[in-house]
Amino acid sequence: THTHTHTHTHPGTIVVMQRNALEGLHKKSFYFEKFTRADAEAHLRAQPPGAFLVRPSSIAGYSLAMSTKGADGTVTHTKLLLLKHPQNAEQCVGIMVDREPTVYADIDQLAAALSRRSTLVGAPDADRGSRLREYAAGP
């Protein structure tokens, strides 16, 4: 008897099996599933400059938004653009920050980039930064 042992692969199989860019999002410390825009502002007011969070977007057609506290204390909200797999709309294959050119492979890569940015806040004047942190930690 003769048995076939080879398997047929279809073009795109690898891509379909690619890890979802949003995998594990619900477990991340920076993701606030129930937060509105107002909740994000209230939460970030008490955080140091550079703090950020990801939450559901309030804008129709966008599923996620990012809220960030700037060096001057203002909170800005930015849409996150989710790149969908061409053959499988359920599969997110990348994330972009609105009006920025970088495509992040997943939510961890995006968070790492945001964390790097936040450490640059007040970097030219490190002493001022440490006083800010002391003040934030005080009463």
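Keep in mind that what you see is a predicted model, and the values were worked out from it rather than measured.

## Overview of the pairing of strand β1 (residues 52-56)
Side-chain positions along a regular strand alternate between the two faces of the sheet. The element β1 is largely enclosed, with a buried count of four among its five residues. In terms of strand pairing, β1 meets strand β2 (residues 64-69) through five bridges, oriented antiparallel. Of the residues in β2, the one forming a bridge with Phe52 is Thr68.

## Some thoughts on the sheet that holds β1
Strand pairing in a sheet takes place through backbone hydrogen bonds and is either antiparallel or parallel in direction. With respect to topology, five strands assemble into an open sheet ordered β1-β2-β3-β4-β5, the strand pairing being antiparallel. Both edges of this open sheet fall to β1 and β5 (103-104), since each of them pairs with a single strand only. Where strand β4 (residues 88-97) meets β5, two bridges bridge the pair, whose relative direction is antiparallel. In the sheet register, Ile95 faces β5, and the bridge partner there is Tyr104. Helix α2 (residues 37-45) rests against β1, β2 and β3 (75-85) of the sheet, and its axis sits at about 165° to β1.

## Considerations on the packing of aromatic side chains
For the structure shown, the criterion picks out two aromatic pairs. Here Phe30 and Phe52 contribute two aromatic rings whose centre-to-centre distance is 5.7 Å and whose plane-to-plane angle is 40°, an arrangement assigned as tilted. Residue Phe30 is found in the loop between α1 (13-16) and α2, and its partner Phe52 is found in strand β1; the two are separated by 22 residues along the sequence. Looking at Phe30, the relative accessible area reads 13%, which means it is buried. The aromatic ring of Tyr62 is capped on one face by Lys79, whose charged end is 5.1 Å from the ring centroid.

Quick notes on the rules
- Residues numbered from 1 in each chain as written.
- Predicted model: local features only at pLDDT ≥ 70, side-chain atom pairs only at ≥ 80, totals over all residues.
- Heavy atoms only, no water.
- Buried < 20%, exposed > 50% of the residue type's maximum accessible area, 1.4 Å probe, protein only.
- Helix = DSSP H or I, 4+ residues; strand = E, 2+ residues; numbered from the N terminus.
- Pairing = 2+ DSSP bridges.
- Contact = heavy atoms within 4.5 Å.
- Axes fitted to C-alpha atoms, helices over the stretch in contact; angles between N-to-C directions.
- Phe/Tyr/Trp six-rings, centres within 6.5 Å; stacked < 30°, edge-to-face > 60°.
- Lys NZ or Arg CZ within 6 Å of the ring centre and 35° of its normal.

Interpretation in functional terms is not warranted from these geometric data alone.
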